Amino acid sequence: MPSFKSGAGVCACSFLEVGQAFEGSQHVSHGVGAKDEAWNVKVRVQGCDMERGYVCGVMEALNVPTAESKVMTFWEGEVVDNVNHNFYTSKWGADRESDIKHWNKFPHFAKLRESVHRDGGRDADLSELPCIFMRWKEKFFVNVGPDCGLTIAGFYYICLVRSSGEVKGYYFDPSSSPYQKLELRASYEDCQGKGFPTYEFH
């Protein structure tokens, strides 16, 4: 079972502790008439500072149709806590319309919608929510070059369910495929991070 402790704006959860792993899949839709794609994904948390609303880790994409080998990236994330970050991204090409559109895909966002429309959700109490909202931005490729067939120009809107460790994410990049969905579940195998390189974060 996850443990909770006081954080800055939100209550921290053991599913974001260093070493926590997730596994699942990413689904990509290219639109009407085109063949959809999917591949396996593994994620590991390598750093978390709730006071700064910061989290980071590595993501490993397996059996990607356009890549000759697995693709590993290092990512940094923002925890939406209304102290360091709110629901409006204000960068990475995202505007308020795209923010609302993507946050609306998460059922847990429904009761926050009015507050976010009003002022970015700054007056919403996020400390008792059953989930943690984040943005994950891949920063660089670890084991391949930028011509590997995947892009890291965009970012993920993320929702982590506290009770189960279930993660869902939606990718935003105006120049990429219109629909990309990430689905992960907490994994307890290989908890020490074997096979995942570690990177310093600031």
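These remarks concern the structure in this document. Quantities reported herein were computed from a predicted structural model and do not represent experimental measurements. (Residues numbered from 1 in each chain as written. Predicted model: local features only at pLDDT ≥ 70, side-chain atom pairs only at ≥ 80, totals over all residues. Heavy atoms only, no water.)

**Examining the overall build of the protein chain**
From N to C terminus, the protein chain includes two helices and ten strands. Seen in sequence order, the protein chain has helices and strands lined up from the N terminus as β-β-β-β-β-β-α-α-β-β-β-β. Within the span of the protein chain, comprising 202 residues, buried residues form 50% of the whole. Excluding contacts between residues fewer than 6 apart, the proportion of contacts in the protein chain whose partners are at least 24 apart in sequence is 60%. About 10,000 Å² of surface is accessible on the protein chain, with carbon and sulfur atoms providing 50% of the total. (Helix = DSSP H or I, 4+ residues; strand = E, 2+ residues; numbered from the N terminus. Buried < 20%, exposed > 50% of the residue type's maximum accessible area, 1.4 Å probe, protein only. Contact = heavy atoms within 4.5 Å. Areas by Shrake-Rupley, 256 points an atom, 1.4 Å probe, with all protein chains shown as cover.)

**Focus: the nonpolar core**
With 54 residues, the main nonpolar core has Phe22, Phe87, Phe109, Leu112, Phe133, Met134 and Trp136 as its most contacted residues. Not counting the four nearest positions on each side in its chain, Phe109 is found in contact with Phe87, Ile100, Trp103, Asn104, Val116 and Phe133. If you look at the next biggest cluster of nonpolar residues, it comprises five residues, including Tyr54, Cys56, Val58 and Met72. (Core = buried A, V, L, I, M, F, W, Y, C linked by side-chain atoms within 4.5 Å.)

**Regarding the sheet that holds strand E9 (residues 167-172)**
In any sheet, the strands associate via hydrogen bonds between backbone groups, in a parallel or an antiparallel arrangement. Taken together, eight strands build a closed barrel; the order of strands is E3-E4-E5-E6-E7-E8-E9-E10 and the barrel is antiparallel. For this sheet, the mean inter-axis angle between neighbouring strands, taken without regard to orientation, is 30°. One ladder, built from seven bridges, connects strand E6 (residues 71-79) with strand E7 (residues 131-141); its direction is antiparallel. Among the inter-strand pairings, Val79 is bridged to a residue of E7, identified as Met134. (Pairing = 2+ DSSP bridges. Axes fitted to C-alpha atoms, helices over the stretch in contact; angles between N-to-C directions.)

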